[in-house]
Amino acid sequence: MWERSHQASAAASPAAIFEALSDIARWPEWHDDIEWVKAPARLATGESFALKPKGGPKVSLKITGLRSPEFYEDVTLLPLARMYFRHEISPGVGGSQIKSVIRVEGPLGFLWRRILAEKLWRELPQQTERMAAFAGARRR
């Protein structure tokens, strides 16, 4: 298993951050590596959805945890591996604290870590900043 995390502060409220994370259909508006998303019919733990990264094949995901406004988690279903993305949101001075965790596990986890997860972790500070700006702009 491989796991990395990133913590950030945001001016947007926890509710606004959670709203941006859980509005799956609009992820391409703030995540510059996503070409499109086919969002689930309803937002609930266990619901599946698909997205297409720019330059990559379509991937299937499932919502594995959802608790408004403090927690969102999904898992990307990869061949012989799973990549979990967890976001913990809490009140912070002037807005929110966001802790994002990427975890890869499974027999080919080492390979997906190198192919995908390490790149996502390096880009996580910038993507978190873009998501927080998107969340703040939506609340105005």
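You'll find the structure just up there.
Cut-offs applied
Throughout, residues of each chain are indexed from 1 in the direction in which the sequence is written. With the structure being a predicted model, the display of local features is reserved for residues of pLDDT at least 70 and the display and counting of side-chain atom pairs for 80 or more, all residues being used for whole-chain, interface and lining totals. Side-chain calculation: all heavy atoms of the structure are included, whereas hydrogens and water are not. Helix and strand assignments come from DSSP, with helices taken as H or I runs of at least 4 residues and strands as E runs of at least 2, each series counted from the N terminus. What makes two residues a contact is simply this: any of their non-hydrogen atoms within 4.5 Å. Note on pairing: DSSP must find at least two bridges between two strands before they are called paired. Salt bridges are defined by distance alone: a side-chain nitrogen of Lys or Arg within 4 Å of a carboxyl oxygen of Asp or Glu. Burial classification: accessible surface area is computed with a 1.4 Å probe over protein chains only, and a residue below 20% of its type maximum counts as buried, one above 50% as exposed, and the rest as partly exposed. To count toward a patch, a residue needs a relative accessible area above 30% and no salt bridge. Like charges then connect within 9 Å, nonpolar side chains (Val, Leu, Ile, Met, Phe, Trp, Tyr) within 5 Å. Computed with a 1.4 Å probe, the accessible areas rest on the Shrake-Rupley method; for each residue, only the protein chains presented here act as cover. Here an angle of 0 to 180 degrees is reported between the N-to-C directions of two axes, which are lines fitted to C-alpha atoms, with helices fitted over the stretch in contact.

1. A few points about the side chain of Thr76
- By the secondary structure assignment, Thr76 is in strand S5 (residues 71–78).
- Sequence-distant contacts of Thr76, that is, excluding residues within four places in its chain, are made with Val59, Ser60, Leu61, Ala81, Arg82 and Met83.

2. Overview of the pairing of strand S6 (residues 81–92)
- Across 8 bridges, S5 lies against S6 in antiparallel orientation. Bridged to Thr76 within S6 is Met83.
- The loop that links S5 with its antiparallel partner S6 comprises 2 residues; one of these, Leu80, has a positive phi angle of about 55°.
- Where S6 and strand S7 (residues 95–105) come together, 11 bridges link them in antiparallel fashion. Bridging from a neighbouring strand, Met83 pairs with Val104 of S7.
- Where S6 hands over to S7, the hairpin turn is made up of 2 residues, of which Gly94 adopts a positive phi near 75°.

3. What to know about the pattern of salt bridges
- For the coordinates displayed, the defined rule picks out 9 salt bridges.
- Among the ionic pairs, Glu118 bridges to Arg113, the shortest N-O distance being 2.4 Å.
- Taking the relative accessible area as the measure of exposure, Arg113 reaches 18% and is therefore buried.
- With a shortest N-O distance of 2.8 Å, Lys119 and Glu123 are connected by a salt bridge. You can see Lys119 and its partner Glu123 sitting in helix H2 (residues 109–138), 4 residues apart, about one turn around the helix.
- Given the relative accessible area of 34%, Lys119 is considered partly exposed.
- Each of Asp33, Lys119 and Glu123 takes part in a single network of salt bridges with overlapping partners.

4. So, unusual backbone geometry
- Here the bond from Ser68 into Pro69 is cis, since omega is -5°, no more than 30 degrees from zero.
- Positive phi, normally seen in glycine, also occurs at Leu80, with a value near 55°.
- The residue Leu80 is located in the loop between S5 and S6 in this model.

5. A closer look at a nonpolar patch on the surface
- Taken together, the side chains of Phe110, Leu111 and Ile115 make up a nonpolar region of the molecular surface, amounting to roughly 270 Å² of accessible area.
- Relative to the assigned elements, Phe110 resides in helix H2.

6. A look at the sheet that holds strand S2 (residues 34–38)
- Taken in spatial order, the 7 strands make up an open sheet running S1-S7-S6-S5-S4-S3-S2, and their pairing is antiparallel. Edge positions in the open sheet fall to strand S1 (2–10) and S2, since each of these has one partner strand only. Neighbour to neighbour, the strand axes of the sheet diverge by 20° on average, direction disregarded.
- When S2 meets strand S3 (residues 48–53), the two strands line up antiparallel, connected through 4 bridges.

The quantities given are spatial measurements derived from coordinates; they are silent on function.
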